[in-house]
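# Fold and contact review
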Amino acid sequence: SLAYTRFNKALWQIDALLRFGVIGIDAEVKKISEEYIVIFKDVKGIPGRTPKDYRPSAHKIEVPKGNPELMAIDKRSAIVIRKTLEKVQKDHDELRYFLFSNVYVSVWGAFETYCQMLFEDILNKRPEMLMSKETMQLEEIISNKDNIIGHLIENQIENIGHYNIDQLLEYLNKKINFTISASEKEKIKSYYFIRNVIAHKSGLIRDSQKSRVPNGIKVVSKEIVISVQYLKKLILFMSKTVTRIEKNIEPKFFKKPNKNAARDASHP
């Protein structure tokens with residue numbers, strides 16, 4: 001289906017973003033270490049408390065014209081600068097976890113987009129699947145009388161976009177007879193839970209929710225930290241799930257016509 005093509009393209013883009021993002025973060029962390037922190041590699045800590053009369057000092061060192069300018073700073077100031085740079089390096093290094101969280105939400109978004117695109121295509125092919133006992137206001141019917149089927153499909157796709165995971169799985173089962181095992185259902189619900197924590201709570205988790213955090217994810221200062229291994233498991237699982245859906249619906253809705261049968265029909 002077109003939805004499957006779009007999903008695979010999205011996964012390729014996500015994978016590329018993940019790889020290049022990590023490369024960029026690693027390069028920046030290495031740069032801070034090799035170009036800045038290394039300057040202070042010989043600066044050691046000073047035992048004891050800082051004297052009350054201590055005042056930071058810095059002054060310019062005169063050098064021959066044309067040479068780089070030099071500054072002399074006291075040892076305690078050098079220690080402060082080194083620790084500040086190490087903090088900057090740590091913050092940059094942890095950017096990878098922010099990247100992983102954003103990629104995680106993008107993977108789930110690709111799955112949701114796939115489901116919406118798929119059913120938009122299917123319902124256009126088989127509008128009779130829209131039949132239900134739901135009611136509509138006459139005003140809505142008359143306002144969309146020129147394309148009432150298109151309006152109904154649009155409403156259905158909009159509803160799918162607001163389904164939680166239980167509702168979506170139920171809809172897949174009802175409309176295309178797609179089911180997953182109990183263990184797979186628990187796994188996808190676990191993935192969905194983490195997606196919601198990231199998307200709606202910026203990764204912050206309440207104490208009462210910690211027991212729901214799956215293996216492969218840490219909680220640091222009440223914020224979930226996703227490992228790249230866990231992220232790759234999500235990508236693989238969603239890819240396999242979508243492929244299974246495709247195999248389920250292809251012979252029902254997207255089966256290519258038999259060329260021999262078409263030729264025989266045109267030449268009785």
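Here, the structure is the one placed above.
This text gives an overview of the structure that appears in the document. (Residues numbered from 1 in each chain as written. Predicted model: local features only at pLDDT ≥ 70, side-chain atom pairs only at ≥ 80, totals over all residues. Heavy atoms only, no water.)

### Considering the overall build of the chain
Each helix and strand in the chain was counted, giving nine helices and four strands. The N-to-C order of helical and strand elements in the chain reads α-β-β-α-α-α-α-α-α-β-β-α-α. What you see for the chain is a C-alpha radius of gyration of 29 Å, clearly larger than the 18 Å of a compact globule of 268 residues, by over 25%. Based on the C-alpha atoms only, the size of the chain along its principal axes is roughly 100 × 50 × 40 Å. Intrachain contacts of the chain at a sequence separation of at least 6 include 68% that bridge at least 24 residues. By element, 54% of the accessible surface of the chain is carried by carbon and sulfur atoms, the whole surface being about 18,200 Å². (Helix = DSSP H or I, 4+ residues; strand = E, 2+ residues; numbered from the N terminus. Rg over C-alpha atoms; globule rule 2.2 N^0.38 Å. Contact = heavy atoms within 4.5 Å. Areas by Shrake-Rupley, 256 points an atom, 1.4 Å probe, with all protein chains shown as cover.)

### Observations regarding empty space enclosed by the protein
Inspection of every chain in the model, using the stated rule, returns one cavity of 30 Å³ or more. Computed from the structure, the largest cavity encloses a volume of approximately 50 Å³. If you trace the largest cavity, you find it lined by Trp108, Phe111, Glu112, Ile160, Tyr163, Asn164, Ile165, Leu168 and Tyr192. Among the secondary structure elements, those contributing two or more residues to the lining of the largest cavity are helix H3 (95–125) and helix H6 (165–176). (1 Å grid on protein atoms, 1.4 Å probe; cavity = no way out; pocket = protein on both sides within 12 Å on 5 of 7 lines; lining within 4 Å. Points joined across faces, edges and corners; volume = space filled by probe spheres on them.)

### Thoughts on the packing of aromatic side chains
Summed over all chains, the structure comprises nine aromatic pairs. Consider the rings of Trp108 and Tyr192, whose centres lie 5.4 Å apart with planes at 45 degrees: the pair is tilted. Highlighted residues: Trp108 in helix H3 and Tyr192 in helix H7 (residues 182–201), separated in sequence by 84 residues. Taken as a pair, Trp108 and Tyr192 share a single burial class, namely buried. Seen from their ring centres, Tyr191 and Phe237 are 5.4 Å apart, and the 50 degrees between their planes marks the pair as tilted. Within this pair, whereas Tyr191 is found in helix H7, its partner Phe237 is found in helix H8 (residues 228–253), the two being separated by 46 residues in sequence. In this structure Tyr191 comes out as buried when scored by relative accessible area, which is 5%. (Phe/Tyr/Trp six-rings, centres within 6.5 Å; stacked < 30°, edge-to-face > 60°. Buried < 20%, exposed > 50% of the residue type's maximum accessible area, 1.4 Å probe, protein only.)

### With respect to the layout of surface pockets
Considering only enclosed or pocket space, the largest pocket measures out at about 460 Å³ in volume. Considering the residues around the largest pocket, the lining is formed by 15 residues, among which Tyr97, Phe98, Glu223, Ile224 and Val225 are closest to the centre. At the level of secondary structure, the elements contributing two or more residues to the lining of the largest pocket comprise H3 and strand S4 (223–226). Considering each element in turn, the lining of the largest pocket owes the most residues, six residues, to H3. By volume, the second largest pocket amounts to about 250 Å³. Leu130, Met131, Ser132, Glu134, Thr135, Met136, Glu140, Leu152, Asn155, Gln156 and Asn159 together form the lining of the second largest pocket. The element contributing the most residues to the lining of the second largest pocket is helix H5 (residues 148–161), with four residues. A breakdown of the residues in the lining of the second largest pocket according to their chemical character gives four nonpolar, five polar and two charged. (Nonpolar A, V, L, I, M, F, W, Y, C, P; charged D, E, K, R; others polar.)

### Considerations on the nonpolar core
Counting 58 residues, the largest nonpolar core has Tyr104, Phe111, Ile122, Ile176, Ile194, Ile226 and Leu231 as its most contacted members. For this core, the secondary-structure elements that each account for two or more residues are helix H1 (2–35), H3, H5, H6, H7, S4 and H8. The element contributing the most residues to this core is H3, with 14 residues. Beyond its immediate chain neighbours, meaning those up to four positions away, Tyr104 contacts Ser190, Tyr191, Ile194, Arg195, Ile198, Ile226, Tyr230, Leu231 and Leu234. (Core = buried A, V, L, I, M, F, W, Y, C linked by side-chain atoms within 4.5 Å.)

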